[in-house]
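Here's the letter readout for the chains.
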Amino acid sequence: SVITNNTISRLIRISNIHSVNPNDTITDFSVNLNRMTETNNILRVVLKSVKFANNAYNIHTSGALKNNVFNFEIPTDSSYTHTITQEGFYTTQELINILLPVIQSAVNLTDPTNIVSMSVNPYSKKIQYGVSKNTASLEFPGILGFGGLNIGLGNTSDTGIITDLTGSVQSALLPDLYGLTTVYVHSTTLAEGNVVDGDVENHDILGSVPVDVLFGQMVNFEASDAELQSINYDSVRNYDNIKITLRDLENNIITLNGGKVVIELKIYYL
């Protein structure tokens, strides 16, 4: 026998500009839909599209994403710390331009004639450090401490020390200064417990959005498969208020620095 499909479908477009709470942000907002008959008796929802500006910073000065503190040591002298005070989106070369004079000033205390170099290796693309004389060596704590910039620069290892430097050496890894790479659209209303991952917890993830454009450009995500992107409910649901948050892989709410988030949903209701 043929099962009759009695559902009706509609598109719903929601945005942070429709938020109902004064403390809502671009990436953490709620919209009120209780005046719409189309948002009653819903059996299925599909994330159709997501649009926002890729303007999240890659250097943060506070919070869970804090990564603005650069540490290095001259074993025969002392430990040094330099803090990037301005949040923003920095290229590798811009950070080198800031940090190289700091390292050089510290080395000058031991030997003013010892010239420090810090550059991107043209082939490996890792950061290459060097000194012109053996009057000083450098160490870079990797995973030690809170807010470490060394990890973003590729100076990371299981021991927390990348190397003793008496000549030239490269960072252990490539710099990780990409900023946003993937954004997860969370909603307790639409996708309660929809995703289980390696932390053995359920997450209210409606879908994931790859960020494949450069900083400052627009992300325009379109779902490629309505069946794979859909969430089917065991019983009908009513959407009165929809709460949306945009989060990273560690479940931190992403901060965008302007623009709008626009989300299109396709809903199926009785």
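The present account deals with the structure reproduced in this document. (Residues numbered from 1 in each chain as written. Predicted model: local features only at pLDDT ≥ 70, side-chain atom pairs only at ≥ 80, totals over all residues. Heavy atoms only, no water.)

### Re the sheet that holds strand 8 (residues 168–170)
In sheet architecture, strand pairing relies on hydrogen bonds along the backbone and comes in two forms, parallel and antiparallel. Put simply, the rule reads: DSSP bridges decide pairing: two strands pair if at least two such bridges lie between them. In this text, helices come from DSSP runs of H or I with a minimum length of four residues, and strands from runs of E with a minimum of two, each type numbered from the N-terminal end. Note on method: axes are straight lines fitted to C-alpha atoms, helices fitted across the in-contact stretch only, with angles between N-to-C directions ranging 0 to 180 degrees. Contacts: residue pairs with any heavy atoms within 4.5 Å of one another.
If you trace the three strands from one edge of the open sheet to the other, you get 6-7-8, paired in antiparallel fashion. Here the strands that pair on one side only, and so sit at the sheet edges, are strand 6 (116–120) and strand 8. On average, each strand axis in the sheet is inclined to that of its neighbour by 15 degrees, with strand direction left out of account. Note that strand 7 (residues 127–131) and strand 8 share three bridges and pair antiparallel. If you follow Gln-128 over to strand 8, its bridge partner there is Gln-170. Against the sheet, helix 1 (residues 92–108) makes contact with strand 6 and strand 7, and its axis sits at roughly 165 degrees relative to strand 6, the strand it touches most.

### A short note on unusual backbone geometry
We apply this condition: Exposure classes here rest on a 1.4 Å probe applied to the protein chains alone. A residue is buried below 20% of its type maximum, exposed above 50%, and partly exposed in between.
Phi at Asn-41 takes a positive value of approximately 55 degrees, unusual for a residue other than glycine. Along the chain, the position of Asn-41 falls in the loop between strand 2 (28–32) and strand 3 (42–53). If you check the backbone angles, Lys-125 has positive phi at about 65 degrees while not being a glycine. With respect to the helices and strands, the residue Lys-125 is situated in the loop between strand 6 and strand 7. Looking at Lys-125, the relative accessible area reads 47%, which means it is partly exposed.

### Brief notes about the side chain of Asn-71
Rule in force here: N or O atoms within 3.5 Å of each other form a polar contact, as long as, within protein, one can give a hydrogen and the other can take it, and as long as residues adjacent in sequence are counted only when both atoms are side-chain atoms.
Following the sequence through the fold, Asn-71 ends up in strand 4 (residues 69–74). The buried category is assigned to Asn-71, whose relative accessible area is 18%. Among the polar contacts listed, one links the side chain of Asn-71 to the side chain of Thr-81, at a separation of 2.8 Å. Beyond its immediate sequence surroundings of up to four residues, Asn-71 is in contact with Tyr-80, Thr-81, Phe-140, Pro-141 and Asn-150.

### Topic: the pattern of salt bridges
Pairing between side chains of opposite charge can happen when the charged atoms of each approach one another. We count it as follows: A carboxyl oxygen of Asp or Glu within 4 Å of a side-chain nitrogen of Lys or Arg is what we treat as a salt bridge.
Throughout the structure, instances matching the rule amount to four salt bridges. The partner of Asp-28 in a salt bridge is Lys-243, with the nearest N and O atoms 2.6 Å apart. In this pair, Asp-28 sits in strand 2 while Lys-243 sits in strand 15 (residues 241–247), placing the two residues 215 residues apart along the sequence. For Asp-28, a relative accessible area of 21% gives the class partly exposed. Look at Lys-243 and you get partly exposed, because its relative accessible area is 35%. Note that Lys-48 and Glu-222 form a salt bridge whose closest N and O atoms lie 4.0 Å from each other. Within this pair, whereas Lys-48 is found in strand 3, its partner Glu-222 is found in strand 13 (residues 218–222), the two being separated by 174 residues in sequence. When its relative accessible area of 31% is taken as the criterion, Lys-48 is described as partly exposed. Among the ionic contacts, a cluster of salt bridges with common partners joins Lys-48, Glu-222 and Glu-264.

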